[in-house]
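Tertiary structure, described
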Amino acid sequence: MPRLAAPALAHMPSFVAALKEGYRRDSLRAEDPGAIAQIEREPQWFLRQVNTPPAHVVLPDGTLGERVLETQLWYVEGDEFLGSVSVRHTLNELLERWGGHIGYAVRPSAQGCGYASTMLAGMLDHVRANLPLDRVMLTVNLKNPASIRVIEKNGGVLIDEVDHPWVEGDRGRRYWIAL
Ligand SMILES: CC(C)(COP(=O)(O)OP(=O)(O)OC[C@H]1O[C@@H](n2cnc3c(N)ncnc32)[C@H](O)[C@@H]1OP(=O)(O)O)[C@@H](O)C(=O)NCCC(=O)NCCS
């Protein structure tokens, strides 16, 4: 049975295969083949970045922003990588507007199997057990009905609909999930 686990070296060959199949670490940015090749060459370096992220993050507009503390877990079956889910421990002004606490993605070949719904439920349990939060925020593009369904199935309560801050012309929803 799949489970949430800390990203580890044993998962890396499958993680790289997922990237090559079209899995994206960031729904706003495409993966570039050079970056995938570097991850394949230097899996330990990559894992250090995932498990101990740098203090700054390149924002979707290319500027540099403050990175809040974040924990990423991978959904794995044996050593096979299926998807990832991460939680930001706090929000800053930018993330309150868009981004929220929790983000997730499932590799293309594993979509439609209920994994995102289970991953999010598992991450909510992880947050309950490990972080002093009584609710978490999630944001989603209106063009992503599967993710809207995943959030609502996990108890998401709609806050509002807003213009997408990074994708001109798109609209998005912000949700709270009580813990
Ligand atoms: C969105 C995403 C995470 C969904 O992953 P998944 O594992 O396929 O999701 P699940 O199988 O758990 O559930 C999807 C639900 O949406 C429903 N769904 C799928 N496509 C849909 C559509 N076009 N319209 C309405 N509902 C849809 C499914 O029927 C399912 O609901 P159900 O359990 O009631 O049948 C996945 O497509 C993905 O990784 N996309 C790229 C990254 C991304 O968008 N991340 C989320 C950013 S907010």
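As shown above, the structure is provided for reference.
Before going into details, it helps to say that this report is about the structure given with it. (Residues numbered from 1 in each chain as written. Predicted model: local features only at pLDDT ≥ 70, side-chain atom pairs only at ≥ 80, totals over all residues. Heavy atoms only, no water.)

A few points about the overall build of the chain
- Across its full length, the chain holds 6 helices and 9 strands.
- For 179 residues, the compact-globule formula gives about 16 Å, and the C-alpha radius of gyration of the chain, at 16 Å, lands near that figure.
- Viewed in the frame of its principal axes, the chain has a C-alpha envelope of about 45 × 40 × 30 Å.
- The buried share among the 179 residues of the chain stands at 40%.
- Counting contacts in the chain only where the partners sit at least 6 residues apart, residues at least 24 apart contribute 58% of the total.
- For the chain, the accessible area works out to roughly 9,700 Å², and carbon and sulfur atoms hold 51% of it. (Helix = DSSP H or I, 4+ residues; strand = E, 2+ residues; numbered from the N terminus. Rg over C-alpha atoms; globule rule 2.2 N^0.38 Å. Buried < 20%, exposed > 50% of the residue type's maximum accessible area, 1.4 Å probe, protein only. Contact = heavy atoms within 4.5 Å. Areas by Shrake-Rupley, 256 points an atom, 1.4 Å probe, with all protein chains shown as cover.)

A few points about the sheet that holds strand E7 (residues 135-141)
- Overall, antiparallel pairing links the 3 strands, which are arranged E7-E9-E8 in an open sheet. The sheet terminates laterally at E7 and strand E8 (157-163), the two strands that pair on one side only. Taken over all neighbouring pairs, the strand axes of this sheet differ in orientation by 25° on average, direction set aside. (Pairing = 2+ DSSP bridges. Axes fitted to C-alpha atoms, helices over the stretch in contact; angles between N-to-C directions.)

What to know about the nonpolar core
- Counting 24 residues, the largest nonpolar core has Ile102, Leu120, Met123, Val136, Leu138 and Ile177 as its most contacted members.
- Mapped by element, the contributors of at least two residues to this core are strand E4 (70-77), strand E5 (80-88), strand E6 (102-106), helix H5 (115-130), E7, helix H6 (145-153) and strand E9 (171-178).
- Sorting elements by how many residues they give to this core places H5 first, with 7 residues.
- When residues no more than four places from it in sequence are discounted, the contact partners of Val136 are His101, Ile102, Leu124, Val127, Tyr175, Trp176, Ile177 and Leu179.
- Listed in part, the 15 residues of the second largest apolar core include Phe15, Ile39, Trp74 and Val76. (Core = buried A, V, L, I, M, F, W, Y, C linked by side-chain atoms within 4.5 Å.)

Considerations on the sheet that holds E5
- In spatial order, the strands read E1-E4-E5-E6; together these 4 strands make up an open sheet with antiparallel pairing. For this open sheet the edge positions go to strand E1 (3-5) and E6, each flanked by a neighbour on one side alone. Between one strand and the next, the sheet's axes are offset by a mean angle of 25°, whatever the strand orientation.
- Looking at chain direction, E4 and E5 are connected through 8 bridges and run antiparallel. Bridging across to E5, Leu73 finds its partner in Val85.

Read these as spatial facts, not as claims about activity.
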